[in-house]
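# Breakdown of the fold
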Amino acid sequence: MVKDIEIHPIKTSKIKDVDFNNLQFGRVFTDHMFECDFIDGQWTQPRIVPYGPLTIEPSARVFHYGQAVFEGMKAYKDDNDDIFLFRPDENFDRINKSAARLAIPEFPKDFFFEGMKQLLLLEKDWIKKGWGNSLYIRPFVIATEGAIAASPAEEYKFMIILSPAQAYYSQEVRVLFAEKYSRSADGGVGFAKAAGNYAAQFYPTSLAHKKGYQQIIWTDASTHEYLEEAGTMNIFFRINDKLITAPNNDRILDGVTRKSVIQLAEDANIDVEVRRVPVAEIKEAARNGSLKEIFGAGTAAVINPILGFEHAGDVFELPELDDAYASLFKEKLMNIQYNKAEDPHQWRYKVS
Ligand code: COI
């Protein structure tokens, strides 16, 4: 049963100070946030409160052991001002899978959906209409108990914060294929949206930036011979007209956009192979001209073409195509998200 959510509204909105035409991803947050604490073995009274700083013990385990998981979702507004989410059940299931792996208690489904809905309705003016505009939704859970024994906390905070968004990558994206560092390993937490998975990428990615690459495509930790994912996105390769992507396993995030692209490709009778992707095969295909495209797929990034890559000193540029799969899937996906097309798989979830 949903407990009634307590709402503590702000007095004056800051929305008038926001330039919605020049948003940098994840810099501006709406007026309110949702929070719910886990204390004495249960999730307590959920609240919507003004967005602002938290007071947390410096000894909270989130700071010492990284016991934290999160999700990424978006709300879209159509021309009639109706608000939609995209496959939110997938995010709910995934945050609880991530939580279970980090010994965090699962969050109840009715709190998740009711909290998100009420928060979105309160903040509906922050969801701008128009192609590419959305309100990015960041649910997360952190271990708040003040105690530094290296064991799971007994107290947690589940929160949802909202940030108006446009494109995630504002520049062209070229990538380095990982040769030395790894994002995740067998039996690890790579499949989870664990905060630490992202922190672990920052240093190698900063080295890639210095070489002029925006992202790394991670390879398997044991051999570095197979391409896996890009950390902010799952990755697809197009060889001739075939689409190839790595299979889900315990090292790769089970992306909602990824599985939607696979379904859209199947719907369009495009040949899709979900299998290991050897670095050597992609380099050979780039050399012989059969590699037509690489693109990333993720909630924040949507579908992002990758224009070139480097591996072991070999640099490749990809051709410019008029009929790119990246554009086709982006259009198909966004048409469903913005309620501009049929939704044959019932992916849209109406909030209002
Ligand atoms: C998302 O796509 O929602 C993510 O969580 C990726 C994040 C690094 C922005």
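Below you will find a few notes about this structure. (Residues numbered from 1 in each chain as written. Predicted model: local features only at pLDDT ≥ 70, side-chain atom pairs only at ≥ 80, totals over all residues. Heavy atoms only, no water.)

### Focus: the nonpolar core
Note the cut-off: We define the nonpolar core as a collection of buried residues of types Ala, Val, Leu, Ile, Met, Phe, Trp, Tyr and Cys that are connected through side-chain atoms lying within 4.5 Å of one another. Accessible area is worked out with a 1.4 Å probe on protein chains only. A residue is then buried under 20% of its type maximum, exposed over 50%, and partly exposed in between. Counting from the N terminus, the helices are the DSSP runs of H or I reaching at least four residues and the strands are the DSSP runs of E reaching at least two.
Ranked by size, the top nonpolar core spans 40 residues in total, and within it Phe-34, Trp-43, Phe-112, Leu-120, Ile-137 and Phe-158 carry the most contacts. Elements that contribute at least two residues to this core include exactly strand 2 (32-39), strand 6 (73-77), strand 7 (83-86), helix 2 (88-101), helix 3 (109-122), strand 8 (134-143) and strand 9 (156-165). It is helix 3 that provides the largest number of residues to this core, a total of six residues. Ranked by size, the runner-up nonpolar core spans 25 residues in total, among them Tyr-169, Leu-227, Phe-237 and Ile-244.

### Describing the packing of aromatic side chains
We count it as follows: When the centres of two rings from Phe, Tyr and Trp lie within 6.5 Å, Trp using its six-membered ring, the rings pair. Their planes under 30 degrees apart give stacked, over 60 give edge-to-face, and anything left gives tilted. A ring is considered to have a charge above it if a Lys NZ or an Arg CZ atom is located within 6 Å of its centre and within 35 degrees of its normal.
This model, assessed by the stated rule, comprises 26 aromatic pairs. Geometrically, the ring pair formed by Phe-20 and Trp-126 is edge-to-face, given 5.9 Å between the ring centres and 65° between the ring planes. You can see Phe-20 sitting in the loop between strand 1 (6-7) and strand 2 and its partner Trp-126 sitting in the loop between helix 3 and strand 8, a full 106 residues away along the chain. The same class applies to Phe-20 as to Trp-126, namely buried. Positioned above the aromatic ring of Phe-20 is the side chain of Lys-128, whose terminal nitrogen or guanidinium carbon lies 4.7 Å from the ring centre.

### Some remarks on the environment of Lys-193
Topologically, Lys-193 is positioned in the loop between strand 10 (173-177) and helix 4 (195-210). Along the backbone, Lys-193 and Asn-96 are 97 residues apart, and their C-alpha atoms lie at a distance of 10.0 Å.

### So, the pairing of strand 4 (residues 47-50)
Going by this rule: Strand pairing is defined by DSSP finding a minimum of two bridges between the two strands.
Bridge count for strand 1 against strand 4 is two bridges, and the pairing is parallel. Bridged to Glu-6 within strand 4 is Arg-47. Sheet topology note: the strand 2/strand 4 ladder contains four bridges and is antiparallel. Across the sheet, the residue bridging to Glu-35 is Arg-47, located in strand 4.

### Brief notes about the packing of helix 5 (residues 256-267) against helix 7 (residues 325-337)
Rules: In this description, a line fitted to the C-alpha atoms serves as the axis of each element, helices being fitted only across the stretch in contact, and the angle between N-to-C directions of two axes falls anywhere from 0 to 180 degrees. Here the word oblique covers every angle except those under 35 degrees (roughly parallel), over 145 (roughly antiparallel) and from 65 to 115 (roughly perpendicular). Here a residue-residue contact requires only that any non-hydrogen atoms of the pair lie within 4.5 Å.
Relative orientation of the contacting elements helix 5 and helix 7 amounts to 110°, with a least axis distance of 10 Å. As far as their axial angle goes, helix 7 and helix 5 are roughly perpendicular. Packed against helix 5, whose contacting residues are Thr-257, Ser-260, Val-261, Leu-264 and Ala-265, the element helix 7 presents Phe-329, Lys-332, Leu-333 and Ile-336 at the interface.

### Description of the site of the ligand
Stated formally: Any residue with a heavy atom lying within 4 Å of a molecule or strand is counted as near it. Polar contact criterion, stated in full: a pair of N or O atoms within 3.5 Å, where within protein one must be able to donate a hydrogen and the other to accept it, and residues adjacent in sequence count only if both atoms are side-chain atoms. For the area figures, the Shrake-Rupley method with a 1.4 Å probe applies, and any residue is considered shielded solely by the protein chains shown. Any residue that is not Ala, Val, Leu, Ile, Met, Phe, Trp, Tyr, Cys, Pro, Asp, Glu, Lys or Arg is counted as polar, Gly included; the first ten are nonpolar and the last four charged. Domains are outlined according to an automatic or database domain assignment.
Taken together, Phe-70, Gly-72, Tyr-136, Arg-138, Tyr-168, Lys-193, Tyr-198, Thr-232, Thr-299 and Ala-300 form the complete shell of residues around the ligand. One nitrogen or oxygen atom from the side chain of Tyr-136 is found 2.5 Å from an oxygen atom belonging to the ligand. One of the side-chain N or O atoms of Lys-193 is found 2.7 Å from an oxygen atom in the ligand. Computed on the free molecule, the ligand has an accessible area of 280 Å², of which 91% lies beneath the protein chains in the complex. Its residues assigned to classes, the shell around the ligand shows five nonpolar, three polar and two charged. For the shell around the ligand, the domains that each give at least three residues are domain 1 (6-165) and domain 2 (174-337).

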